[in-house]
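Each chain is listed here by its residues.
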Amino acid sequence: MKILVGYKRVVDANVRIQVKPDGSGVVTDGVKLSPNPFDDIALEEALRLRDKGIASEVVVATIAPADAQPHLRNGLAMGANRAIHVVAEQPLAPLAAARTLLKLIEREQPDLVLLGKQAIDDDANQTGQMLATLWGRPQATFASQLTVEGGKATVVREVDAGLETLEVDLPAVVTTDLRLNEPRFIKLPDIMKAKSKPLQTIPLAELGVDAGPAPQVSHYAPPAGRSRGVMVKDAAELVAALKAKGLV
């Protein structure tokens, strides 16, 4: 069984984002870039399936500029068998990313595709669903528990009303939620081993994907500053203050 894991590079979750003075974007110079946290969870789950003997190979893939190879080496150090780097200098819309991943699926023929439910840079939450539709295979999103057995995947997913359990035939696309697992720490020996693991580079044009126009954002702005808090003496004064603001 082969598992393909989408592994996107984003601005580190602990970095305080700063908007450029002209509002044209966010400051990325000198900013730490890290794996998308949900993709780390997807990779961890793939590695756990391999550790259990259910999967035999885990492949990580990213669509990113040419300088993203250290990012993939991180995935290899975490435990992936090999990596695929689709070189794209401009950001892709979710549909273009799904089409690109579909081309990799056609080449690799995985039994399971694991993606983070969303990327923290755009929070689109669209690529996994689009990929399953283009591929014509089942999908299970927001997985908080995953079991693979007998050519089927059983997924417990988080929904507004609580938990929902789905059973899907493989191959399938599963997107991972925050509570699925906690990714492992990478050890120094694994970092050294990652340097010798296979890393394939593929130009986006070679896949024949119509990337379409890059996403165009007209303006960026930081969140509005929070107003100063007000101290109240008791619950009655709190309710009065809320009524004055029209909140109750």
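To start, this report covers the structure provided alongside it.

What counts and how
Residues numbered from 1 in each chain as written. Predicted model: local features only at pLDDT ≥ 70, side-chain atom pairs only at ≥ 80, totals over all residues. Heavy atoms only, no water. Helix = DSSP H or I, 4+ residues; strand = E, 2+ residues; numbered from the N terminus. Buried < 20%, exposed > 50% of the residue type's maximum accessible area, 1.4 Å probe, protein only. Polar contact = N/O pair within 3.5 Å; in protein donor to acceptor, adjacent residues only side chain to side chain. Contact = heavy atoms within 4.5 Å. Axes fitted to C-alpha atoms, helices over the stretch in contact; angles between N-to-C directions. Parallel < 35°, antiparallel > 145°, perpendicular 65-115°, else oblique. Left-handed = near helix turned anticlockwise from the far one by under 90°. Patch = residues over 30% accessible without salt bridge, like charges linked within 9 Å, V, L, I, M, F, W, Y side chains within 5 Å. Areas by Shrake-Rupley, 256 points an atom, 1.4 Å probe, with all protein chains shown as cover. Salt bridge = Lys/Arg side-chain N within 4 Å of Asp/Glu carboxyl O.

1. Let's talk about the side chain of Glu44
At step 1: Its location among the elements puts Glu44 in helix H1 (residues 37-51).
At step 2: On the basis of relative accessible area, Glu44 is assigned to the buried category, the value being 3%.
At step 3: A polar contact is formed between the side chain of Glu44 and the side chain of Arg48, at a distance of 2.7 Å.
At step 4: Ignoring sequence-local partners within four residues, the contact set of Glu44 consists of Met78, Asn181, Glu182, Pro183 and Arg184.

2. Quick word on unusual backbone geometry
At step 1: A cis geometry characterises the amide bond from Leu170 onward to Pro171, with omega recorded as 0 degrees.
At step 2: The topology assignment puts Pro171 in the loop between strand E9 (162-169) and strand E10 (172-176).
At step 3: For Asp123, which is not glycine, the phi torsion reads 55 degrees and is therefore positive.
At step 4: Tracing the sequence through the fold places Asp123 in the loop between strand E6 (112-116) and helix H4 (127-135).
At step 5: With a phi angle near 60 degrees, Phe142 is a residue other than glycine that sits in the positive phi range.
At step 6: Looking at where Phe142 falls in the secondary structure, it is placed in strand E7 (residues 139-149).

3. Here's the deal with the packing of helix H3 (residues 94-108) against H4
If you want to describe how two helices pack, look at the angle between their axes and the distance between the axes.
At step 1: At their nearest, the axes of H3 and H4 sit 8 Å apart, and the two run at 50 degrees to each other. By the angle between their directions, the pair H3 and H4 is classed as oblique. Relative to H4, the crossing made by H3 is right-handed. Of the residues in H4, those in contact with Pro94, Leu95, Ala97, Ala98, Arg99, Leu101, Leu102 and Ile105 of H3 are Thr127, Met130, Leu131, Leu134 and Trp135.

4. Focus: a nonpolar patch on the surface
At step 1: A cluster of nonpolar side chains, Leu188, Ile191 and Met192, forms an exposed patch at the surface whose accessible area comes to about 300 Å².
At step 2: Structurally, Ile191 can be placed in helix H5 (residues 188-194).
At step 3: According to the relative accessible area criterion, Ile191 is partly exposed, its value standing at 38%.

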